[in-house]
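Working through the structure, step by step
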Amino acid sequence: MADNHDNQDNPGIRVPPPLIYLLPLILGLLLDRKAHLPFLPRRAARSLGWPLLGGGVLLSRWFLQTMHEAHAPVRTDRPVPRLTTGGPFRYTRNPGYLSMALIYAGIAVLRNALWAILFLPLVLYVTQREVIEREERYLERTFGQEYLTYKARPAVGSSLDGRT
């Protein structure tokens, strides 16, 4: 029997975004076990890795809480009933993907795994091309001017004259 979401409008993303981050991270960590190539002094790796990982986890929790409060789906194969612009969406249009990138980078840096770090630009490129661009087209199609207005506004705190 077909999934009842097959006929509903959604961004058309084929691979769940967490897998886009997880699989290259695992591959990079496995390669690191075979051929460890440290790229930072141990102390620097810890000093940089923990804030990246912690910041990513905190941003992820804020993102998930905001989506839950908005009754909006996190899964990319579900239709979006309303545009969510509060919480972390006031600062970035993609807090979920930013949090996954921070967590990925934090883990790779803590492990001092050059292989995993080298895969990160590819992960970000695939996320931009295959996920974010599809989502943006879907949101423009679904919410029209409301989304275009949100997309065009500067992030909170980004004004050069200090006004938000």
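Quantities reported herein were computed from a predicted structural model and do not represent experimental measurements.

Each value, and the rule that gives it
- Residues numbered from 1 in each chain as written.
- Predicted model: local features only at pLDDT ≥ 70, side-chain atom pairs only at ≥ 80, totals over all residues.
- Heavy atoms only, no water.
- Helix = DSSP H or I, 4+ residues; strand = E, 2+ residues; numbered from the N terminus.
- pLDDT = per-residue confidence, 0-100.
- Contact = heavy atoms within 4.5 Å.
- 1 Å grid on protein atoms, 1.4 Å probe; cavity = no way out; pocket = protein on both sides within 12 Å on 5 of 7 lines; lining within 4 Å.
- Points joined across faces, edges and corners; volume = space filled by probe spheres on them.
- Nonpolar A, V, L, I, M, F, W, Y, C, P; charged D, E, K, R; others polar.
- Buried < 20%, exposed > 50% of the residue type's maximum accessible area, 1.4 Å probe, protein only.

**Observations concerning unusual backbone geometry**
Its identity is not glycine, yet histidine 71 carries a phi of approximately 55°, on the positive side. Along the chain, histidine 71 falls in the loop between helix H2 (42-69) and helix H3 (95-110). A positive phi is found at asparagine 112, a non-glycine position, where the angle reads about 55°. Following the sequence through the fold, asparagine 112 ends up in the loop between H3 and helix H4 (114-143).

**Observations concerning the confidence of the model for the protein**
Per-residue confidence for the protein gives a mean pLDDT of 90, with 90% of residues at or over 70. Taken together, the stretch residues 1-7 has pLDDT below 50 and engages in 3 contacts with residues farther than four places along the chain or on a different chain. Every residue in residues 159-164 scores below 50 in pLDDT, and together they form 2 contacts with partners more than four places removed in sequence or on other chains.

**Focus on the layout of surface pockets**
Size it by volume and the largest pocket reaches roughly 690 Å³. Secondary-structure elements contributing two or more residues to the lining of the largest pocket are helix H1 (17-34), H2, H3, H4 and helix H5 (145-152). Looking at the lining of the largest pocket, the element that brings in the most residues is H3, giving 5 residues. Partitioning the lining of the largest pocket into residue classes produces 22 nonpolar, 6 polar and 8 charged.

**Details of the environment of serine 99**
Topologically, serine 99 is positioned in helix H3. On the basis of relative accessible area, serine 99 is assigned to the buried category, the value being 2%. Along the chain, serine 99 and isoleucine 20 lie 79 residues apart, while their C-alpha atoms are 13 Å from each other. Setting aside anything within four residues of it in sequence, one finds serine 99 in contact with Gly56, Leu59 and Ser60.

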